[in-house]
Amino acid sequence: MQGKTFEDLKVWRDSREFVKSIYELTASESFKKDYGLKDQIQRAAVSIMNNIAEGFERNNNKEFVLFLKYSKGSAGEIRSMFYVALDLNYISKSTFDEYYKNVIEIITQISNFIKYLKNYSGKK
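Residues numbered from 1 in each chain as written. Predicted model: local features only at pLDDT ≥ 70, side-chain atom pairs only at ≥ 80, totals over all residues. Heavy atoms only, no water.

Caption draft 1: Local environment of helix 4 (residues 61–87). The terminal C-alpha atoms of helix 4 lie 39 Å apart, and with 27 residues this matches the ideal 39 Å at 1.5 Å per residue to within 8%. Looking only at helix 4, the buried set comprises Asn61, Phe64, Val65, Phe67, Leu68, Ser71, Ser74, Ala75, Ile78, Met81, Phe82 and Ala85. For helix 4, the N-terminal cap is Asn60; the gap from its side-chain oxygen to the backbone nitrogen of Lys62 is 2.8 Å. Positive phi shows up at Asn89, right after helix 4, with a value of about 60°. (Helix = DSSP H or I, 4+ residues; strand = E, 2+ residues; numbered from the N terminus. Expected span 1.5 Å × (residues − 1). Buried < 20%, exposed > 50% of the residue type's maximum accessible area, 1.4 Å probe, protein only. Polar contact = N/O pair within 3.5 Å; in protein donor to acceptor, adjacent residues only side chain to side chain.)

Caption draft 2: Structural context of the nonpolar core. Formed by 36 residues in total, the largest nonpolar core has its most connected members in Leu9, Phe18, Ile78 and Phe82. At the level of elements, helix 1 (10–25), helix 3 (35–57), helix 4 and helix 5 (93–122) are the ones that each hand at least two residues to this core. The contacts of Ile78, once residues within four sequence positions are left out, are Phe18, Ile41, Ala44, Ala45, Ile48 and Val103. (Core = buried A, V, L, I, M, F, W, Y, C linked by side-chain atoms within 4.5 Å. Contact = heavy atoms within 4.5 Å.)

Caption draft 3: Local environment of a positive patch on the surface. A contiguous patch of positive charge on the surface is contributed by Lys69, Lys72, Lys115 and Lys118. Residue assignment for the positive patch shows that the elements contributing at least two residues are helix 4 and helix 5. (Patch = residues over 30% accessible without salt bridge, like charges linked within 9 Å, V, L, I, M, F, W, Y side chains within 5 Å. Areas by Shrake-Rupley, 256 points an atom, 1.4 Å probe, with all protein chains shown as cover. Salt bridge = Lys/Arg side-chain N within 4 Å of Asp/Glu carboxyl O. Lys, Arg positive; Asp, Glu negative; His and termini not counted. Charge placed at Lys NZ, Arg CZ, Asp CG, Glu CD.)

Caption draft 4: Broad picture of the environment of Asn61. Summarising the element assignment, Asn61 is placed in helix 4. In sequence terms Asn61 and Leu25 are 36 residues apart; their C-alpha atoms lie 34 Å from each other.

Caption draft 5: Representation of unusual backbone geometry. Phi at Asn59 is positive, roughly 55°, even though this residue is not glycine. Along the polypeptide, Asn59 turns up in the loop between helix 3 and helix 4. Phi angles above zero are rare outside glycine, and Asn89 is one such case at about 60°. Looking at the element boundaries, Asn89 is found in the loop between helix 4 and helix 5. Using a relative accessible area of 64% as the deciding quantity, one classes Asn89 as exposed.

Caption draft 6: The arrangement of the pattern of salt bridges in detail. Tallied over the entire structure, the rule returns seven salt bridges. Of the charged contacts, one joins Asp39 and Lys38 as a salt bridge, the two residues approaching to 3.9 Å between their closest N and O atoms. Residues Arg58 and Glu63 are paired through a salt bridge, measuring 2.9 Å at the closest nitrogen-oxygen approach. Salt bridges here are not isolated pairs; linked through shared partners, they connect Glu54, Arg58 and Glu63.

Here's what the structure looks like:
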């Protein structure tokens, strides 16, 4: 596995940046009013990076893969919530497209990392 700490992982660093962007997005007036959606999308974003960190610290590729799958699930949940935000006019179509692209990039990184870990552990 690459990196000595989870902070060394590009997917974790990108997830951290994504969390910051989600908090900035949900600080807008339209999101502030919808406490449920705002809190849920923030929790799901934080869950992505936290599950990567927790899985890494397990020092076991099989468990790490499981936590990466949890992270990927949280990213999927965010994708779904972006549609809610768009449908309720909390975000514009261009903002939706930008954030959707970002979350897809994270999902792709997680998927590729899962494949890597499965191949890596299969060779041991």
